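The lines below spell out each chain.
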Amino acid sequence: KKDIPAVNFIIHEIHCRRNIEICPYCSDSIPKSEMKNHIDSEHVQVTCKCRMKMESSLLKDHEASSCPLRPVLCQFCEIQLAFNKLQEHELFCGARTEPCARCGRNVLLRELKEHPQVCG
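If you're wondering where the values come from, they're calculated on a predicted model, not measured in any experiment. Along each chain, residues carry numbers from 1 onward, in the same order as the chain's sequence is written. Note on the predicted model: pLDDT of at least 70 is required for a residue's local features to be given, and 80 or more for side-chain atom pairs to be given and counted; whole-chain, interface and lining totals, by contrast, use all residues. The side-chain values count all of the structure's non-hydrogen atoms but skip hydrogen atoms and water molecules.

**Q** Could you clarify how one ought to interpret the nonpolar core in this entry?
**A** When a protein is soluble and globular, its nonpolar side chains tend to lie buried together. Grouped together as the largest cluster of nonpolar side chains are five residues: Val72, Cys74, Leu81, Leu86 and Cys93. Among all residues touching Cys74, those that are not within four sequence positions of it are Ile79, Leu81, Leu86, His89, Glu90 and Cys93. In plain words, nonpolar cores are sets of buried Ala, Val, Leu, Ile, Met, Phe, Trp, Tyr and Cys residues tied together by side-chain atoms within 4.5 Å. For each residue, the accessible area found with a 1.4 Å probe, counting protein chains only, is set against the maximum for its type, and the residue is called buried under 20%, exposed over 50%, and partly exposed in between. Contacts are residue-level and defined by heavy atoms, with any inter-residue pair within 4.5 Å sufficient.

The structure is reproduced here in structure tokens:
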């Protein structure tokens, strides 16, 4: 195992201080020449269609997993609607009935999965 000569370390440190900056938002080490681009692409504030403001780098995850307006499918009719409308829609949609193929009884759609256990 060889030690790095102190001269090389000093040269490296001077190079870093001259060319590298710490991002004030995320504390990553960024080349000075790329700092503006880094801030513009990662930290600029954007507004989602739900009117929530966030850093642009967080928008994709927000839209996919936590935005109240993200598209989701109803478990009963598979229509696509906004997440914040899903609960109200499924309450209504799950109250519709379909006849059971085995016993002929009309069964609520929300109880259809459990119905075979009590059928007949």
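Don't stop here, the text continues.
**Q** When you look at the domain arrangement of the protein chain in this model, what are you seeing that I'm missing?
**A** Interfaces are often sized by the accessible area lost when the parts come together. Boundary definitions for the domains trace back to an automatic or database domain assignment. The assigned domain composition of the protein chain is domain 1 (1-42), domain 2 (44-69) and domain 3 (74-117). A C-alpha centroid distance of 31 Å is found between domain 2 and domain 3.

**Q** Can you walk me through unusual backbone geometry in this structure?
**A** Leave glycine aside and you will find that most residues have negative phi; peptide bonds, for their part, are mostly trans. We note that Arg51 has phi near 75°; this positive angle belongs to a residue other than glycine. Every helix listed is a DSSP run of H or I at least four residues long, and every strand listed is a run of E at least two residues long, numbered separately from the N terminus. Checked against the element boundaries, Arg51 lands in the loop between β3 (45-47) and β4 (53-55).

**Q** Sorry, what's going on with the packing of aromatic side chains here?
**A** For any pair of aromatic rings, the description rests on two quantities: the centre-to-centre distance and the angle between the ring planes. Stacked, edge-to-face and tilted labels apply to pairs of Phe, Tyr and Trp rings (six-membered ring for Trp) whose centres lie within 6.5 Å, assigned for plane angles under 30 degrees, over 60, and everything in between, in that order. If you walk through the whole model with that rule in mind, you get zero aromatic pairs. The criterion for a charge sitting over a ring is simple: Lys NZ or Arg CZ within 6 Å of the ring centre, and within 35 degrees of the ring normal. The ring of Phe83 carries Arg70 above its face, with NZ or CZ at 3.8 Å from the centroid.

**Q** Whenever I open this one, the state of the cysteines confuses me. Can you help?
**A** By definition, disulfides here are pairs of cysteine sulfur atoms that lie within 2.5 Å. All chains considered together, the criterion is met by zero disulfides. In this structure Cys23 is a free cysteine whose sulfur lies 3.6 Å from that of Cys26, the closest cysteine sulfur available. Judged by its relative accessible area of 1%, Cys23 falls in the buried class. Given a relative accessible area of 29%, Cys26 falls into the partly exposed group.

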